[in-house]
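# Descriptive analysis of the structure
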Amino acid sequence: MTDTNQMGVRRFGRVNWLGTWTLTRREVARFMNVWSQTVMAPLINAGLFLMIFTIAIGSQRGEVMGVPFMVFLAPGILTMTVIQNAFANTSSSLASAKVQGNIVDTLMPPLSAAELVAGYIGGAVARGALVAIVIALGTALFLGVGIQTPVWVIVFVLLGSVLMGGLGMIAGIFANKFDQLSAISNFLVTPLAFLSGTFYSIEALPPFMQALSHANPFFYIIDGVRYGMIGVSDSSPWIGLLVVSAACVVVLGICLRWMHTGYRLKS
């Protein structure tokens, strides 16, 4: 009889669906256990941003791209919060596992590199989507900002969560301590998010800064969500879809490679 328990023989078919789903559930449970920090805190932060801008310049600022400034601002705040949370989910999960020394619990189960990446990205997408839903409900309730084209909003929120989840994996794998992870977040992710049209139309920028903005994938994520919510954008959503999809392919390719080789994960 064939020994079905022979070591080194994969016994889960081409894809270990159960293992991948279990990893995704673990990632979701991890951030839902502290829902007040991962769900409510982003909602409060988004509300504070909108309140501060309303009090400071809301009544004095004219229309932007043909819509009231606060209506223009709402999709940018939503998207910025989504991408920050998707990045934080994967980066903190991997960095914590490395620092605490329990990364082996993730690497030892019978999961391929692609399945590990899918599990982590699934958690990031779940967190990003949940935050997007919560903030969208808040903006609809208090600002009356609805969603004109739900398909575009869903597409760019999902792609943005995938991209930022992948970048979070890269940061979490690269960082060996929380100080390094904080530096990546503070000096790379946050500036790119703030300087990507979140609070303004890039038409107001000089040509050089406009060119830099068009080279920033975050700009296309925010612009695509803004188009889906209020129907205005600085660029075509189809171009944004192409750029963000290409960025996702590159980032996920790096994640797959590093997971496959165990770069900075295995001794």
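That block above? That's the structure.
In this report, we go over the structure that sits alongside the text.

Parameters at a glance
Residues numbered from 1 in each chain as written. Predicted model: local features only at pLDDT ≥ 70, side-chain atom pairs only at ≥ 80, totals over all residues. Heavy atoms only, no water. Core = buried A, V, L, I, M, F, W, Y, C linked by side-chain atoms within 4.5 Å. Buried < 20%, exposed > 50% of the residue type's maximum accessible area, 1.4 Å probe, protein only. Helix = DSSP H or I, 4+ residues; strand = E, 2+ residues; numbered from the N terminus. Contact = heavy atoms within 4.5 Å. Expected span 1.5 Å × (residues − 1). Axes fitted to C-alpha atoms, helices over the stretch in contact; angles between N-to-C directions. Parallel < 35°, antiparallel > 145°, perpendicular 65-115°, else oblique. Left-handed = near helix turned anticlockwise from the far one by under 90°. Nonpolar A, V, L, I, M, F, W, Y, C, P; charged D, E, K, R; others polar. Phe/Tyr/Trp six-rings, centres within 6.5 Å; stacked < 30°, edge-to-face > 60°. Lys NZ or Arg CZ within 6 Å of the ring centre and 35° of its normal. Salt bridge = Lys/Arg side-chain N within 4 Å of Asp/Glu carboxyl O. Disulfide = S-S within 2.5 Å.

## A few points about the nonpolar core
- Among the nonpolar cores identified, the biggest contains 70 residues, and Leu78, Met169 and Met259 are the most heavily contacted of them.
- Elements supplying a minimum of two residues to this core: helix 2 (35-58), helix 3 (69-100), helix 5 (113-142), helix 6 (150-174), helix 7 (178-194), helix 9 (217-230) and helix 10 (237-261).
- For this core, the element with the most residues is helix 3, which contributes 15 residues.
- Residues in contact with Met259, not counting those within four places in the same chain, are Leu94, Ala113, Leu116, Val117, Tyr120, Met169, Ile173 and Leu265.

## Some details on helix 10
- For helix 10, built from 25 residues, the straight-helix expectation of 36 Å at 1.5 Å per residue is met to within 8% by its first-to-last C-alpha distance of 36 Å.
- Those residues of helix 10 that sit buried are Pro237, Gly240, Val244, Ala247, Cys248, Val251, Cys255, Trp258 and Met259.
- Contacts from the buried residues of helix 10 go to helix 3, helix 5, helix 6 and helix 9.
- A positive backbone phi angle near 75° is found at Gly262, which sits one or two residues after helix 10.

## Re unusual backbone geometry
- Residues other than glycine seldom take positive phi values, yet Met65 does so here, at roughly 55°.
- Within the element layout of this structure, Met65 appears in the loop between helix 2 and helix 3.
- On the basis of relative accessibility, which here comes to 24%, the residue Met65 falls in the partly exposed class.
- For Arg264, which is not glycine, the phi dihedral falls at a positive 60°.
- Following the sequence through the fold, Arg264 ends up in the segment after helix 10.
- The exposure class assigned to Arg264 is partly exposed, which follows from its relative accessible area of 31%.

## Examining the packing of helix 3 against helix 9
- Across the interface, helix 3 lies against helix 9 with an axial gap of 9 Å and an inter-helix angle of 130°. Relative to helix 9, the element helix 3 lies oblique. Like other packed secondary-structure pairs, helix 3 and helix 9 cross with a definite hand, here right-handed. The residues of helix 9 that touch helix 3, namely those facing Val71, Phe72, Pro75, Gly76, Leu78, Thr79 and Ile83, are Phe218, Ile221, Ile222, Val225, Arg226, Met229 and Ile230.
- Of the residues in the contact of helix 3 with helix 9, the class split is 11 nonpolar, two polar and one charged.

## Considering the packing of aromatic side chains
- Applying the stated criterion across every chain yields a total of 10 aromatic pairs.
- Geometrically, the ring pair formed by Phe53 and Phe199 is stacked, given 5.2 Å between the ring centres and 20° between the ring planes. Here Phe199 lies in the loop between helix 7 and helix 8 (207-214) and Phe53 lies in helix 2, a separation of 146 residues in the sequence.
- Here the aromatic cluster, defined as three or more aromatic residues joined through ring pairs, consists of Phe49, Phe53, Phe69, Phe194 and Phe199.
- Over the face of the ring belonging to Phe72 we find Arg226, whose NZ or CZ atom lies 3.8 Å from the ring centre.
- Of note, Arg264 hangs over the ring of Phe174, and the distance from its end group to the ring centre comes to 4.5 Å.

## Focus on the pattern of salt bridges
- Inspection of the entire model under this criterion finds two salt bridges.
- The closest approach of N and O atoms between Glu27 and Arg26, which form a salt bridge, is 2.9 Å.
- According to the relative accessible area criterion, Arg26 is partly exposed, its value standing at 36%.
- Notably, a salt bridge pairs Arg30 with Glu27, separated by 3.8 Å at the nearest N-O pair. One end of the pair is Arg30 and the other is Glu27, both in helix 1 (residues 17-32) and three residues apart, which spans about a single turn.
- We classify Arg30 as partly exposed; its relative accessible area is 30%.
- Here Glu27 falls in the buried class, since its relative accessible area comes to 0%.

## Some words on the state of the cysteines
- Under the criterion given, the structure shown has zero disulfides.
- No disulfide involves Cys248; its nearest neighbouring cysteine sulfur is the one of Cys255, lying 10 Å away.

## Observations regarding the packing of helix 1 against helix 3
- Between helix 1 and helix 3, the least distance of the axes is 11 Å, while the angle of their chain directions is 100°. On the basis of their axis angle, the class for helix 1 and helix 3 is roughly perpendicular. Residues Arg26, Glu27, Arg30 and Phe31 of helix 1 touch helix 3, and the partners they reach there are Asn89, Ser92 and Ser93.
- Of the residues in the contact of helix 1 with helix 3, the class split is one nonpolar, three polar and three charged.

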